[in-house]
Structure formats: structure tokens, C-alpha cells
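Chain by chain, the residues:
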Amino acid sequence: SHGSFSWDAYLKDTGEIPAPQSCFKQALVPPKCEFKPGMKLEASDPRNLTSTCIATVIGNLGPRLRLRLDGSDNKNDFWRLVDCDSLQPIGSCEKKGGLLQPPLGFCKNPSYWPMFLQKTLNGAAIAPDCAFITEPPTPPKNEFKLGMKLEAVDRKNPQLICPATVGSVNGDQIHVTFDGWRGAFDYWCRYDSREIFPVNWCALSGHPLQPPGQKGVSQHKQNKQGKHQSLTPSERSKPPSINISTPGYKLGLGESSPSVCSTLP
Ligand code: MLZ
């Protein structure tokens, strides 16, 4: 229903096969989004996973939320599925005996945090408990095979989900390669990443799906085994031992100067 791209014709055309649903840590039926823009919730800070912060829903695409940490700037928005365990209702942290933390890069003096927190929550729209969906189970092992098709978040443009192919498998990691692009957007992730989805997930969830790129399309059509020869041998060889690309974390200003941040809009 979004755009003109159809998996059906594309898969027939190329003779390639979708990765089975059982490969993915995703619900059989994509969850509904009960969050509305402006609602507040608790989220773990993508730049500091041990701390729980207040976040505001900026928007959503289907069941994916665009979130901003209160007290952070508008350059560090991140995306989470509504069935993600790192999201919880306001009050959950306190119930567990924890304390809400300012985000990394808090835009005010740390001594102002308690007052900031009080003012932030006073009169705020609070996301209802029913909006938080239990995370789906993790598949017991990596069942992805070379050449299988999927839909994947473009981490450089994290609002986008795009047609992709498993370019390599190494232990618990898979190499996500984007169809019709030359490799600049490709990445390694764990098989149980929440950023990869079965074919037709976007259509089922109401999320837009980008069409494949136009780079090397003729090569792609010759390539019925799903081998992606646009990658260099070194790109294909090994996953990184540590994943330094924390979702939602844009490298840039402010890391070493947490007392400074840009003005909120
Ligand atoms: N504006 C960007 C979008 C690229 C999206 C690629 N997704 C795999 C460009 O055209 O470079």
C-alpha cells in the first residue's frame, strides 16, 4: 500500500526467498501503536544503557516510536518498537527502587535535575500501561542463511526501512546488505536484532517501505543465488567483535561537554 514497490513481483523476478518469520525476534502480528505524540514514558538512555530517563513520543511510523529524552537536544532522537523491553510506564523505575537519571548531555546544570524532573512531569501526558507490549521471544539460534530477503532499518537514516538481503552469516551475526545500494549502508547485527523484519512486515504494520536503490540493478538480476558481489572481500569477511554503532546515537557535538546543548525547538 506504500509506494509502488511490491515484494511479490520482485521475489518472482529474482527467484530469491524471504527469511522465514521464525528467524526474527518479531511478533507474528505486528503490534498496534497506542502511543500519541507528546506522551511521556521511561526509556533506557541509548548512549548510557544503565540509566533510565524520561522520554517524549515525538511521532510514530506504524509500531515504531520516534523518541526524545527530556533534557536532551533534538539531534539525538531514536526509534524503538512499542514491544521493546527498554520502554516502560512512568513510575516503573521508582517502583523497582531506582532513580530517574538525566540523559547523557543533559542541557542544564546537573544540580537542576530534580527540579527539571518535577517540572517535566507536572501536568504531562503520561503514556498508558496498555501501550507497552511485552517483547517477543528470542529465537533459540541464528537460522538466517546467505541470500535470504528481509526488511531492515537503514541505521544512517533510521526512519527508513528498506528491502535487504543476508550477505553473510558469522555465528550469531548477520551482514545486512541493502538491495540496489553499493554497500555504504550495510551493517552487521545479531540475528535477534529488533531492527530487522520479515518480508511484508511494513505492509502488515502500516510502516512505509522504501523501494530498492537503483545501483547495480542489472548485476542484481543476474544474481539468482542472492550473492551480493558489490561487497569487497574484506567487507564480506568478518563481523566487528564489538558493535560500536549504538542505535540512535549520532556521533557529534556535546559528548565531552555535557553542560552544553542546543536549544529545544
Ligand atoms: N538520501 C539518501 C537516502 C539513502 C537511503 C538508502 N537506504 C539503504 C541517499 O539517497 O543517499
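Residues numbered from 1 in each chain as written. Predicted model: local features only at pLDDT ≥ 70, side-chain atom pairs only at ≥ 80, totals over all residues. Heavy atoms only, no water.

## Digging into the site of the ligand
What surrounds the ligand is the set Asp 154, Asn 157, Leu 160, Cys 162, Phe 178, Trp 181 and Phe 185. The side chain of Asp 154 places a nitrogen or oxygen atom 2.8 Å from a nitrogen atom of the ligand. Its residues assigned to classes, the shell around the ligand shows five nonpolar, one polar and one charged. (Near = heavy atom within 4 Å. Polar contact = N/O pair within 3.5 Å; in protein donor to acceptor, adjacent residues only side chain to side chain. Nonpolar A, V, L, I, M, F, W, Y, C, P; charged D, E, K, R; others polar.)

## Quick notes on helix 1 (residues 7-14)
Within helix 1, the full set of buried residues consists of Trp 7, Tyr 10, Leu 11 and Thr 14. Buried residues of helix 1 fall within an arc of 95° about the axis and therefore sit on the same side. Residues Asp 8 and Lys 12 are exposed on helix 1 and point more than 90 degrees away from its buried face. At the N-terminal boundary of helix 1, the capping side chain belongs to Ser 6, with an oxygen 3.3 Å from the backbone nitrogen of Asp 8. (Buried < 20%, exposed > 50% of the residue type's maximum accessible area, 1.4 Å probe, protein only. Helix = DSSP H or I, 4+ residues; strand = E, 2+ residues; numbered from the N terminus. Arc of directions from axis to C-beta.)

## What about the confidence of the model for the protein chain?
In this model, the protein chain carries a mean pLDDT of 86, and residues with pLDDT of at least 70 account for 81%. The lowest-confidence element of the protein chain is helix 6 (residues 233-237), averaging 40 in pLDDT; the highest-confidence one is strand 10 (residues 196-197), averaging 99. Considering only residues more than four positions removed or in separate chains, one finds that residues 219-265, a stretch of pLDDT under 50, has 78 contacts. Predicted complex metrics record ipTM = 0.95 and pTM = 0.83. (pLDDT = per-residue confidence, 0-100. Contact = heavy atoms within 4.5 Å.)

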